[in-house]
Structure formats: structure tokens, C-alpha cells
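Descriptive analysis of the structure
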Amino acid sequence: MRIGLALSGGGARGIAHLGVLKAFDELGIKISMISGVSSGAIAGVLYAAGYTPDQILKLIKELSVFKIVRPAFGKAGFLHLEEVEKLYINHLGPHIRFEDLKIPVVVSATEMNEGVTAYFSSGELIKPLLASSAVPILYQPILYQGKVLNDGGLLNNMPVDPLHKNCDIKIGVHVNPINHQAKITNIRSMIERTLLLAINNNVKLRMPLCDLLIEPPELKYYRLTNFRKADEIFDIGYRYTLKLEKNIWQLLNR
């Protein structure tokens, strides 16, 4: 039985994906394919490259967001991803290709000119991975294969589609539950709220395509930039997945 995992984007909330993966490892559940976008793509690629969830968590905690982003003030974005690219090269290798991963991975990005989702699963890995989390306007787009690429979550933040013809079971992990009691107090919270509501709209269409949806409700209390609470977010994903152990095995054994 081939088990496919679709990992949503979600900024710091995406650290919960690592907790989910750790729980799967402990339950002895082998993932056959991963489809990820933005932070979900980062977690999926590093895991497929052979890093354990705990090792990836340690790596994230050692990084400073302010050290790896710098102003660009270009026409299409304020920040470069050059330092992020150096980190990927350092930890994955300068010439890594999708074919080098231990688990097949599909990374999705948004092609800005055509206004469509672009899926990448072969050839050069780092450029598509950078593009998958390059939030429009904030980050300059990634130019690759003649395409202008930005964050894939813009059009599809639950990339379950590539799993359909390749997997028997499709499990979606969504890290952006909506907090219906949220209080908007400033422009920053308004921007974040707008982003979450807009992106969640495209996720609703794809939730029914998953045989199982893992969506830890506690994540609604964490901001997209709460990297300082990485341990808590990791633990939420881990504990919530273990609670679903019975449901998971019923699905796999049906």
C-alpha cells in the first residue's frame, strides 16, 4: 500500500509537520510520497533527504530569520532569498536533484504570469524549493525554467492533487485552522488574518480529496511568525497525530 502525504504551508506553524512525521516514524508508518508547499515543502524535502524530524527542528531553532533575509527593494519584492539558498546548499548539497531524495517529493509553486500552480518532481531541487515559499511582494520571485515563481500556497495550500494517481491512501496535514475568536488589533495582525482567510479558501476545495485530514486545532493560537515557539508547535503536531493512531490504522487496514 502506497501512502501519500500532502503538507500545507503555514510559516512557523509548518513546524507541526515535523511532529506529525515523528509520530509516523514511531508508529512504523512508511510514507511512499510527499507533496508539499512552502513550509510543508521544506519539511518534506529535508525529511526525504534523510534528516530526522528532531534534526530538522534543531536546524530551524539554530537559524535566525533576521540573519537569512536581507532587503532587496527590487521591482517585484523587498527581500532576497540568497542566504536561504546558501542554507539549502549547505545542508542538501549544491547539485541535489529530486532524484537524489530517499522518498519521492513534489514541490509546488505559483507561476505568476500564467496564474497557475506549477509542480516540480524531477531535476534541480533547490530553485523550486525556494520558489515554493517566496511570498509574493515580500520576496522577489524565483526565475526558473522560463517561469516566474512565488509561494505555491497562493493557489493551492493543500497539494494533494499529485498524490492521486500515485498513492492508495492520501493523508493531508493542514496547519492553518482558523481561530474564530481572533482579535485584530493592528495592521500586522490584519495582514496575517487576510492571508490566512484567503489561502484557507483554496484549501477547503481539496480537503475532501484526502482520505484522512490531520489539522491540530491548537495551532490556531500560533502566529505564522512564532518561530520562537518551535518546540511547542512541534509537540502539538506530534501529540495530535498520536491521538489519531486508531483512526490511522483503521484507514490503512480497511
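Quantities reported herein were computed from a predicted structural model and do not represent experimental measurements.

As for the packing of helix H1 (residues 16-27) against helix H3 (residues 53-62)
Two elements in contact, H1 and H3, have axes separated by 9 Å at closest approach and are oriented at 160 degrees. The angle between the axes of H1 and H3 places the two elements in the roughly antiparallel class. Pair H1 / H3 crosses with left-handed handedness. Residues Leu18, Leu21, Lys22 and Asp25 of H1 form the contact with H3, whose own contacting residues are Pro53, Asp54, Ile56, Leu57 and Ile60. Among the residues making up the contact of H1 with H3, the classes are represented as six nonpolar, no polar and three charged.

Comments concerning H3
Along H3, the residues classified as buried are Pro53, Ile56, Leu57 and Leu59. End-on, the buried residues of H3 take up no more than an arc of 160 degrees, which puts them together on one face. Residues of H3 that are exposed and point over 90 degrees away from its buried face: Lys58 and Glu62. The inward-facing, buried residues of H3 abut H1, helix H2 (39-48), helix H5 (82-92) and helix H8 (230-243).

Notes on the packing of aromatic side chains
Counted according to the given criterion, the structure contains one aromatic pair. Aromatic pair Phe120 and Tyr144: ring centres 5.7 Å apart, planes at 55 degrees, arrangement tilted. Here the residue Phe120 occupies a position in strand S6 (residues 116-120), and Tyr144 occupies one in strand S8 (residues 142-144), the gap between them amounting to 24 residues. For Tyr144, a relative accessible area of 11% translates into the label buried. Positioned above the aromatic ring of Tyr238 is the side chain of Lys22, whose terminal nitrogen or guanidinium carbon lies 5.4 Å from the ring centre.

Section: the nonpolar core
Of all hydrophobic cores here, the largest spans 62 residues; its most connected members are Leu5, Phe24 and Ile171. Aside from chain neighbours lying at most four places away, what touches Phe24 is Leu5, Ile29, Ile31, Ile171, Ile214, Thr241 and Ile248. Grouped together as the second largest cluster of nonpolar side chains are nine residues, Val106, Leu163, Val203 and Cys210 included.

Definitions and cut-offs
Residues numbered from 1 in each chain as written. Predicted model: local features only at pLDDT ≥ 70, side-chain atom pairs only at ≥ 80, totals over all residues. Heavy atoms only, no water. Axes fitted to C-alpha atoms, helices over the stretch in contact; angles between N-to-C directions. Helix = DSSP H or I, 4+ residues; strand = E, 2+ residues; numbered from the N terminus. Parallel < 35°, antiparallel > 145°, perpendicular 65-115°, else oblique. Left-handed = near helix turned anticlockwise from the far one by under 90°. Contact = heavy atoms within 4.5 Å. Nonpolar A, V, L, I, M, F, W, Y, C, P; charged D, E, K, R; others polar. Buried < 20%, exposed > 50% of the residue type's maximum accessible area, 1.4 Å probe, protein only. Arc of directions from axis to C-beta. Phe/Tyr/Trp six-rings, centres within 6.5 Å; stacked < 30°, edge-to-face > 60°. Lys NZ or Arg CZ within 6 Å of the ring centre and 35° of its normal. Core = buried A, V, L, I, M, F, W, Y, C linked by side-chain atoms within 4.5 Å.

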